[in-house]
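# Observations on chain architecture
What follows is the residue order along each chain.
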Amino acid sequence: MGHLRGRELARNEVVLHLCDNTACVRHEHLLVGTHEENMADMVAKGRSRNGRENQTHCRNGHEYSPDNTRVSESGARRCITCKREGASRRRAEARTAPTQ
């Protein structure tokens, strides 16, 4: 088990880094909390997985709605509109590409 400021941490306690720098040891940047609090802080600050769980739109501005979203096996969301637009763009480029 660890300790913070001379206090032994309980089994369910972890050190939270307020500055988000896990190498930081400045006492004013550290506090004791639970794993759940640490995970909630991570999500609130957009640091979870890829930081995009709370995004409502893709990078091109299309809404992540049930009709416009595919979820991969890894859990990543894919915008169907972007996929269709990309396929359409590639088809158009293939039609206009010079032949050799």
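Residues numbered from 1 in each chain as written. Predicted model: local features only at pLDDT ≥ 70, side-chain atom pairs only at ≥ 80, totals over all residues. Heavy atoms only, no water.

## Some words on the overall build of the protein chain
On a plain count of helices and strands, the protein chain comes out with two helices and six strands. The linear arrangement of helices and strands in the protein chain, starting from the amino end, is β-β-β-β-α-β-β-α. By residue count, 17% of the 100 residues in the protein chain fall in the buried class. For the protein chain, the share of sequence-separated contacts (at least 6 apart) that also reach a separation of at least 24 residues comes to 16%. Summed over all atoms, the accessible surface of the protein chain reaches about 8,100 Å², with 49% contributed by carbon and sulfur. (Helix = DSSP H or I, 4+ residues; strand = E, 2+ residues; numbered from the N terminus. Buried < 20%, exposed > 50% of the residue type's maximum accessible area, 1.4 Å probe, protein only. Contact = heavy atoms within 4.5 Å. Areas by Shrake-Rupley, 256 points an atom, 1.4 Å probe, with all protein chains shown as cover.)

## A short note on the environment of Gly33
Its location among the elements puts Gly33 in strand S4 (residues 30-34). Counting along the chain gives 23 residues from Gly33 to Ala10, while the straight-line C-alpha distance between them is 10.0 Å.

## Topic: the environment of Val14
If you trace the backbone, Val14 turns up in strand S3 (residues 13-17). Classification of Val14 by relative accessible area gives partly exposed; the value is 26%. Measuring from C-alpha to C-alpha, the distance between Val14 and His35 comes to 6.2 Å, with 21 residues separating the pair along the chain. Filtering out sequence-adjacent residues up to four positions away, Val14 remains in contact with Leu9, Leu31, Val32, Gly33, Thr34, His35 and Asn38.

## A short note on a positive patch on the surface
Positive charge collects at one region of the surface, where Arg70, Lys83, Arg84, Arg89, Arg90, Arg91 and Arg95 lie side by side. The dominant element in the positive patch, judged by the number of residues it contributes, is helix H2 (residues 80-96), at six residues. Here Lys83 is to be found in helix H2. (Patch = residues over 30% accessible without salt bridge, like charges linked within 9 Å, V, L, I, M, F, W, Y side chains within 5 Å. Salt bridge = Lys/Arg side-chain N within 4 Å of Asp/Glu carboxyl O. Lys, Arg positive; Asp, Glu negative; His and termini not counted. Charge placed at Lys NZ, Arg CZ, Asp CG, Glu CD.)

## Some thoughts on the confidence of the model for the protein chain
In regions of low pLDDT, the predicted coordinates are not meant to be interpreted in detail. Confidence in the prediction for the protein chain averages 84 pLDDT; 87% of positions are at 70 or higher. Summarising per-element confidence for the protein chain, the mean pLDDT is lowest in strand S1 (residues 3-4) (66) and highest in H2 (94). (pLDDT = per-residue confidence, 0-100.)

## Here's the deal with the environment of Gly61
Position of Gly61 relative to the elements: it lies in the loop between helix H1 (35-44) and strand S5 (69-71). Between the alpha carbons of Gly61 and Cys79 there is a distance of 9.8 Å; along the sequence they are 18 residues apart.

## Re the side chain of His62
Looking at the element boundaries, His62 is found in the loop between H1 and S5. Using a relative accessible area of 18% as the deciding quantity, one classes His62 as buried. Other than its neighbours up to four places away in sequence, His62 contacts Thr56, His57, Asn68, Cys79, Thr81, Cys82 and Glu85.

## Some points on the side chain of Thr69
With respect to the helices and strands, the residue Thr69 is situated in strand S5. Polar side-chain contacts of Thr69 include one of 2.7 Å to the backbone oxygen of Ser65. Setting aside its immediate chain neighbours within four residues, Thr69 contacts Glu63, Tyr64, Arg77, Arg78 and Ile80. (Polar contact = N/O pair within 3.5 Å; in protein donor to acceptor, adjacent residues only side chain to side chain.)

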